[in-house]
Amino acid sequence: MIWGYGHIGHLLEGLLTPFGAEVSGIRSSTPDLQRDGLLSRADWVVLLLPSTPDTRGIVNAELLGRLKPGAWLANAGRGNLIVTDDLLAALDSGHLGGAALDVTDPEPLPEGHPLWAQKNVIITPHIASTTTDLVARGASLTRDFLLTMQQGQEPEGRVLDGQKY
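Remember, predicted model here, so these are calculated numbers, not experimental data.

Novice: Just checking my understanding: could you explain the pattern of salt bridges for this structure?
Specialist: Pairing is possible between side chains that carry opposite charge, provided their charged atoms lie close to one another. As enumerated under the stated definition, the model contains six salt bridges in all. Of the charged contacts in the structure, one is a salt bridge between Arg 35 and Asp 36, with a shortest N-O distance of 2.9 Å. Assessed through its relative accessible area of 13%, Arg 35 is described here as buried. Residue class for Asp 36 comes out buried when judged on its relative accessible area of 18%. A salt bridge links Glu 62 to Arg 66; its shortest N-O distance comes to 2.5 Å. Linking Glu 62 with Arg 66, this pair stays in helix 3 (residues 61–66), spanning four residues, or about one helical turn. When salt bridges with common partners are traced through the structure, they connect Asp 32, Arg 35, Asp 36, Glu 62 and Arg 66 into a single cluster.

See the structure below:
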């Protein structure tokens, strides 16, 4: 299950399907009931969400409890999507099979933090955004932004205070 099924989510799906993975996506427009049904059947949940007022802490004890027992959670979005204490409790109880975390809350994760001691947690140093198309996409977005600003127009996709305009 890819939760945050935009451009990056579609790229991830393309990388997973050759290995026989059955991939579904959840977007912000997915109704909560449908989202919860999809999450309850997933072996893996990959978070690719931005940090907004609506997504901060969205993965909490209640949501983790709805996941399929033994499911794994991967976070390549933002660390504050997950309530860290609730994640630790789900891991300690055995309900969650494990977690792969490219981002954490807090970040960087301090020495001695309980997540470091978890045998079923993989922690990487916030490198998931490094993709083969990153430089080309970044250059294209920057060019478009500068041209739009030069023409005195408002850039598309502007984010203020966590809200996209």
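More follows now that the structure is in view.
Novice: What is the right way to look at the side chain of Asn 75 in this model?
Specialist: Here Asn 75 lies in strand 4 (residues 72–75). According to the relative accessible area criterion, Asn 75 is buried, its value standing at 2%. Engagement of the side chain of Asn 75 in a polar contact is seen with the backbone nitrogen of Gly 77, the distance being 2.9 Å. Once residues lying within four places of it in the same chain are set aside, the contact partners of Asn 75 are Leu 47, Leu 81, Ile 82, Ala 100, Leu 101, Asp 102 and Val 103.

Novice: It is not clear to me how helix 2 (residues 32–41) should be interpreted in this structure. Could you clarify?
Specialist: Residues three or four positions apart in an α-helix share a direction because the helix packs 3.6 residues into each turn. Buried within helix 2 we find Arg 35, Asp 36, Gly 37, Leu 38 and Leu 39. Buried positions along helix 2 lie against strand 1 (2–3), strand 2 (25–26), strand 3 (44–47) and helix 3.

Novice: Is there a simple way to explain the nonpolar core in this structure?
Specialist: Soluble, globular proteins show a tendency: their nonpolar side chains are buried together. Counting residues in hydrophobic clusters, the biggest one holds 27 residues, and the most contacted among them are Trp 3, Val 45, Leu 47, Val 59, Leu 73 and Leu 87. Among residues more than four places away in sequence, those in contact with Leu 47 are Trp 3, Val 59, Leu 73, Ala 74, Asn 75, Ala 76, Gly 77, Leu 81 and Ile 82. Counting residues in each nonpolar core, the second largest holds eight residues, with Val 23, Val 46, Leu 48 and Ala 74 among its members.

About the criteria used
- Residues numbered from 1 in each chain as written.
- Predicted model: local features only at pLDDT ≥ 70, side-chain atom pairs only at ≥ 80, totals over all residues.
- Heavy atoms only, no water.
- Salt bridge = Lys/Arg side-chain N within 4 Å of Asp/Glu carboxyl O.
- Buried < 20%, exposed > 50% of the residue type's maximum accessible area, 1.4 Å probe, protein only.
- Helix = DSSP H or I, 4+ residues; strand = E, 2+ residues; numbered from the N terminus.
- Polar contact = N/O pair within 3.5 Å; in protein donor to acceptor, adjacent residues only side chain to side chain.
- Contact = heavy atoms within 4.5 Å.
- Core = buried A, V, L, I, M, F, W, Y, C linked by side-chain atoms within 4.5 Å.

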